[in-house]
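Single-letter residue listing:
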Amino acid sequence: QQNVLNVVDLTVYYYTKRGVIHAVEDVSLTADKMDFVAIVGESGSGKSTLVYALLNLVPPPGRIVKGSIFVDGIDILRLSGDKLRRARGSLISMVFQDPFTTLDPIRRVGDQIAEVLIEHGISKDEAYARVGEVLESVGLSRNIANAYPHQLSGGQRQRVSIAAAIALNPRVLVADEPTTALDVIVQKQIMDLIDRIRLSTGMSIILITHDIALAVERATKIVVMYAGKIVEYGSKQSIIEEPLHPYTQALLASVPDIESGKWPKSIPGTPPDLRNPPTGCRFHPRCPYSSDLCRIKQPDLVGYGKNHYVSCWLYIRK
Ligand code: ATP
Ligand code: SF4
Ligand code: MG
């Protein structure tokens, strides 16, 4: 059985004047149809870099150093030019934190959605018919097509961005904190919308969030990143019931009430400088269980039980 999304050994560096930032290193993960993958981890852990890489959209001075990203068996990183443009939108597409990064302020939103469709070879008539349909599917009325972005509320704008992202029925929808700019009630409405799209179309959702309650409520899988690496990854159930990695445990332990809590802003110690990440396990300077081996040798991400992976020497037979 083939996964819809299969990320293999993805490594992304930023080549800055002040050094090479190891933002994402040897990341592998999969998502199936209808999976809702929540990516969590503190600021600077490489979450955004990872999801931009999924669309081969890492901005300079970033570069994908190695890896593969298969969507429906097609490696996004081996595509270029027209083929890559066509894959974005029809295989995998993205909703950004701030809809203004995707919406042009001086053009009607309907024209902007139609343009995406026309670029993918759909006739003008068909494209405009689809615009009405897709606007309704995100809970907006058809005549929103005639509006300019500034005439819409933040929530409406994010709905328009989602409409543009799903207009071509991609297999995977990626979202980088899509609701942080919105108030709490609208946040919930947008998350409900994303969930409804997932269930009605079977799209896989990859979502970055700082909100543990959201991850617990909505996700089917949780990916925990630390310093550019996945330290733990598995079904939501297994991560919540049996967090294995000391970092995941610290995150969960510092949440007083998982039902309503947020990911803590920080845990003791400072996040590492990714120009010169710690040797061995990158978490070792902050880990209460670290041993000599942890300081010297990096633990692989290994399976532990069903649908549960962890990168920690505590779980590897030496
Ligand atoms: P946040 O939660 O704050 O959004 P993040 O987990 O999304 O953080 P990234 O934005 O992916 O983290 O950053 C990972 C590392 O790459 C950080 O050290 C960051 O400083 C660096 N980085 C990100 N974007 C760039 C860039 N355009 N140029 C140089 N370095 C970058
Ligand atoms: Fe801690 Fe060692 Fe596990 Fe890293 S490998 S999390 S340092 S015990
Ligand atoms: Mg980010």
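Residues numbered from 1 in each chain as written. Chains lettered and ligands numbered in written order. Predicted model: local features only at pLDDT ≥ 70, side-chain atom pairs only at ≥ 80, totals over all residues.

## Some remarks on the site of ligand 2
- The full set close to ligand 2 counts 13 residues, and Cys 281, Cys 287, Ser 290, Cys 294 and Cys 312 are the nearest of them.
- A per-class count over the shell around ligand 2 returns 10 nonpolar, 3 polar and no charged. (Near = placed C-beta within 6 Å. Nonpolar A, V, L, I, M, F, W, Y, C, P; charged D, E, K, R; others polar.)

## Considering the sheet that holds strand β7 (residues 172-176)
- Sheet architecture is open: 8 strands sit in the order β6-β7-β8-β3-β9-β10-β12-β11, paired in mixed fashion. Looking at the sheet topology across the chains shown, the edges are occupied by β6 (92-95) and β11 (302-303).
- Relative to strand β10 (residues 229-235), strand β9 (residues 221-226) runs antiparallel, the two sharing 6 bridges. Following the sheet pairing, Met 225 is matched in β10 by Ile 230.
- Here helix α5 (residues 154-166) sits on the sheet in contact with β6 and β7, set at roughly 175 degrees to β6. (Pairing = 2+ DSSP bridges. Helix = DSSP H or I, 4+ residues; strand = E, 2+ residues; numbered from the N terminus. Contact = placed C-beta atoms within 7 Å. Axes fitted to C-alpha atoms, helices over the stretch in contact; angles between N-to-C directions.)

## Points about the environment of Glu 25
- The residue Glu 25 is located in strand β2 (residues 19-31) in this model.
- Since 22 C-beta atoms lie within 10 Å of it, Glu 25 is described here as buried.
- Considered as a pair, Glu 25 and Gly 67 are 42 residues apart in the sequence and their alpha carbons are 9.6 Å apart.
- With residues up to four places along the chain from it excluded, the contact list for Glu 25 reads Thr 11, Gly 228 and Lys 229. (Buried ≥ 20, exposed ≤ 12 C-beta atoms within 10 Å, placed from the backbone.)

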